[in-house]
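Chains, contacts and geometry: an overview
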Amino acid sequence: MLGKINELTAEIGGLSANSAGEAEELRIKYLSKKGILSLLFDEFKNVPSQEKKAVGMALNQLKNSAHEKIETLKKQFNQQSDKGENIDCTLPGSPFPTGTRHPLSIVKNQIIDIFARLGYTVAEGPEMEDDWHVFSALNFPPEHPARDMQDTFFIGTNPDIVLRTHTSSVQVRVMEKQQPPIRAIFPGRVFRNEAISARAHCIFHQVEGLYIDENVSFADLKQSLLYFAKEMFGQDTRIRLRPSFFPFTEPSAEMDISCSLCTGKGCNMCKNTGWVEILGCGMVDPNVLENCNIDSKKYSGFAFGMGIERITLLKYRINDIRLLFENDIRFLEQFRTAH
Ligand code: DAH
């Protein structure tokens, strides 16, 4: 019996398998209920009692090493299949977290899209500007408060170099370079020396619009801005123009839209008036045209300027402008859109 056990120990020690199936066959051959080892255990009862101790130990050792051997043979194939064979390529992949556009970019792109449909192109100008483009060419008198340190950021000690306080400066740059017809909008960042609060920030964004040609009238201005308001805030939106004053337009107006929240009945957002202001506009002052070498007898036109933050707050009903600058991902993730 001991001889048989030694033979089997050597035989099992040298086993090998080429597949998981082959390893399973070996398990059945040696370790199953009717396998070779079981038969050997059955024979154990015939072993003379003085040999039982030595044979029993050898038999148990053989059984353990056979189990170990077959396990190792099987494992080698399990590991291989983990490496690739059993991967289901049709399962959905783990989602890859993508970023979102900032709400200000979404709204800026919408504004550009809407005016593009009316034939407006897009131009940009520098954020650091000279006095001429921000103030003088736009008909600001020398004593105008916007030229004051209280309102405007100056670069160093040079009183001529400022951070632009509005994108109207790009009007001047475009008109200096190009003769009418001109139909363009100018999005960009502007800077004002203001305390930061829920309603105001010292850095914000505007979109300026300019349309210069022969025979451009106030009616054209009104119709273009009505189209914009309806496209941006919904087809039921109404507008109203209130007389106002800007140095670079004459006549000038401020435009309100009917409150999108209460549709005109009165609420917190419109301070119970049913209207909210969204932009300034007017017919370009002839002085401004002449400052830019455009013949004011031949050409006329209109301009308008709006704050992108203001439009964004109204559109998404956000009550604090600072949320737009904090870059809190929990806030920004709410603006997943196709834009
Ligand atoms: N530049 C003005 C501002 O920053 C906005 C504005 C008003 C622009 C009237 C215009 C306009 O072009 O015609 O408040």
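Scroll up for the structure.
Rules used throughout
- Residues numbered from 1 in each chain as written.
- Predicted model: local features only at pLDDT ≥ 70, side-chain atom pairs only at ≥ 80, totals over all residues.
- Heavy atoms only, no water.
- Phe/Tyr/Trp six-rings, centres within 6.5 Å; stacked < 30°, edge-to-face > 60°.
- Helix = DSSP H or I, 4+ residues; strand = E, 2+ residues; numbered from the N terminus.
- Buried < 20%, exposed > 50% of the residue type's maximum accessible area, 1.4 Å probe, protein only.
- Axes fitted to C-alpha atoms, helices over the stretch in contact; angles between N-to-C directions.
- Parallel < 35°, antiparallel > 145°, perpendicular 65-115°, else oblique.
- Contact = heavy atoms within 4.5 Å.
- Nonpolar A, V, L, I, M, F, W, Y, C, P; charged D, E, K, R; others polar.
- Core = buried A, V, L, I, M, F, W, Y, C linked by side-chain atoms within 4.5 Å.
- Expected span 1.5 Å × (residues − 1).

**Considerations on the packing of aromatic side chains**
Here the structure, examined in full by the defined rule, presents 12 aromatic pairs. Ring geometry for Phe 115 and Phe 304: centres 5.0 Å apart, planes at 25°, overall stacked. Of the two residues, Phe 115 is situated in helix H5 (residues 103-117) and Phe 304 in strand E9 (residues 300-307); the sequence distance between them amounts to 189 residues. Seen from their ring centres, Phe 135 and Phe 140 are 5.2 Å apart, and the 75° between their planes marks the pair as edge-to-face. As far as burial versus exposure is concerned, Phe 135 and Phe 140 are alike and both buried.

**As for the packing of H5 against helix H10 (residues 308-316)**
Remark: H5 packs on H10, axes separated minimally by 9 Å, with the N-to-C direction vectors making an angle of 100°. In terms of axis orientation, H5 runs roughly perpendicular to H10. Residue-level contacts link Pro 103, Leu 104, Ile 106, Val 107, Lys 108, Gln 110 and Ile 111 of H5 to Ile 308, Glu 309, Ile 311, Thr 312, Lys 315 and Tyr 316 of H10. Split into classes, the residues belonging to the contact of H5 with H10 amount to eight nonpolar, two polar and three charged.

**Considering the nonpolar core**
Judged by nonpolar contacts, the single largest core of 44 residues is most densely connected at Ile 111, Phe 115, Ile 278, Phe 304 and Met 306. Elements with a minimum of two residues in this core: H5, strand E5 (203-213), helix H8 (218-233), strand E7 (249-258), strand E8 (275-284), E9, H10 and helix H12 (329-332). With seven residues, H5 is the largest single contributor of residues to this core. Here Ile 111 is in contact with Ile 185, Val 207, Phe 228, Met 232, Met 306 and Ile 308, once residues within four sequence places are set aside.

**Quick word on H5**
Between its first and last C-alpha, H5 extends 21 Å over 15 residues, near the 21 Å set by a 1.5 Å rise per residue. All of the buried residues in H5 are Pro 103, Leu 104, Ile 106, Val 107, Gln 110, Ile 111, Ile 112, Ile 114 and Phe 115. Gly 119 lies just past H5 and shows a positive phi near 90°.

The analysis is restricted to geometry; functional conclusions fall outside its scope.
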